[in-house]
Amino acid sequence: MRVFEVFVATLIRNQKNVQKIIDSIIEDNELRHNHILVLGILIQQKDGFSASDFCNIFNYDKALISRVTRQLANRGFICRNPKDEGLARGYKMIITEAGKEYMKANQKKLSKYIQMFMEGVTQEEQDVFLKTTEKFGRNLDKVRRYIESEEKEEKKNNA
């Protein structure tokens, strides 16, 4: 059990550190790490992502994703993919030129922190870490889905 507790504590500490680092490079008072993470994902994907995609990627609720994407759209940093123009739901969002420029400006600041973060870590260690983290993530998703199905079944039995 000790390994699990240390693992969870480390994840929480690392998440808070990453949020602090990202928030510290953003000069805009209205944007936070969530906004930067969404832009960072979109800048890598030409066809964009839907709100549901973001919910799955970050395990954020729909309300948070809706707020973040609405704020980014209002700032002109993202827009609907023109291919999905007629869709009322399930449309994908893409990053605009303004969003790319914003990310480019922030990336310069972030690259210094990334270099510090990667200091002394070999490529092999990075690869092993990413593979292991992805496995843990898939397993945690599996456990969460199992718990949710048990809770749903319990509610159904108690109804």
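Refer to the structure presented above.
This one's a predicted model, so the numbers in the text were calculated from it and none came from an experiment. (Residues numbered from 1 in each chain as written. Predicted model: local features only at pLDDT ≥ 70, side-chain atom pairs only at ≥ 80, totals over all residues. Heavy atoms only, no water.)

Caption draft 1: The overall build of the chain, seen in detail. Check the secondary structure of the chain and you find six helices and two strands. Classification of the 159 residues of the chain by burial places 24% in the buried group. Long-range pairs, those at least 24 residues apart, make up 53% of the contacts in the chain between residues at least 6 apart in sequence. For the chain, the exposed area adds up to about 12000 Å²; of that, 55% sits on carbon and sulfur atoms. For the chain, the distance from the average site of its 28 positive side-chain charges to the average site of its 23 negative ones is 2 Å. (Helix = DSSP H or I, 4+ residues; strand = E, 2+ residues; numbered from the N terminus. Buried < 20%, exposed > 50% of the residue type's maximum accessible area, 1.4 Å probe, protein only. Contact = heavy atoms within 4.5 Å. Areas by Shrake-Rupley, 256 points an atom, 1.4 Å probe, with all protein chains shown as cover. Lys, Arg positive; Asp, Glu negative; His and termini not counted. Charge placed at Lys NZ, Arg CZ, Asp CG, Glu CD.)

Caption draft 2: Representation of unusual backbone geometry within the structure. One non-glycine residue, N59, adopts positive backbone phi at about 60°. Among the secondary structure elements, N59 is positioned in the loop between α3 (51-58) and α4 (62-74). What makes N59 exposed here is its relative accessible area of 53%.

Caption draft 3: Examining the packing of aromatic side chains more closely. Applying the stated criterion across every chain, the model contains five aromatic pairs. What links up through ring pairs into an aromatic cluster is the set F49, F54, F58 and Y60. One cation-aromatic arrangement involves R80 over Y91; the distance from NZ or CZ to the ring centre is 3.6 Å. (Phe/Tyr/Trp six-rings, centres within 6.5 Å; stacked < 30°, edge-to-face > 60°. Lys NZ or Arg CZ within 6 Å of the ring centre and 35° of its normal.)

Caption draft 4: Examining helix α2 (residues 33-42) more closely. Here α2 lies mainly inside the structure; eight of its 10 residues are buried. Every buried residue of α2 is accounted for by H33, N34, H35, I36, V38, L39, G40 and L42.

Caption draft 5: Expanded view of the pattern of salt bridges. In this structure the tally under the stated criterion is five salt bridges. Here R144 makes a salt bridge to E148, at a shortest N to O gap of 3.3 Å. Taken together, the positions of R144 and E148, both in helix α6 (residues 123-158) and four residues apart, correspond to about one turn of that helix. Overall, R144 belongs to the partly exposed group, its relative accessible area being 29%. Since its relative accessible area comes to 40%, E148 is described here as partly exposed. By sharing partners, the salt bridges in this structure join D141, R144 and E148 into a single network. (Salt bridge = Lys/Arg side-chain N within 4 Å of Asp/Glu carboxyl O.)

Caption draft 6: Looking closely at a nonpolar patch on the surface. A surface patch of nonpolar side chains, amounting to about 360 Å² of accessible area, comprises F4, L11, F136 and L140. Residue assignment for the nonpolar patch shows that the elements contributing at least two residues are α1 (2-25) and α6. Mapped onto the elements of the fold, L140 is located in helix α6. A relative accessible area of 39% means that L140 is categorised as partly exposed. (Patch = residues over 30% accessible without salt bridge, like charges linked within 9 Å, V, L, I, M, F, W, Y side chains within 5 Å.)

Keep in mind these numbers describe shape, not what the thing actually does.
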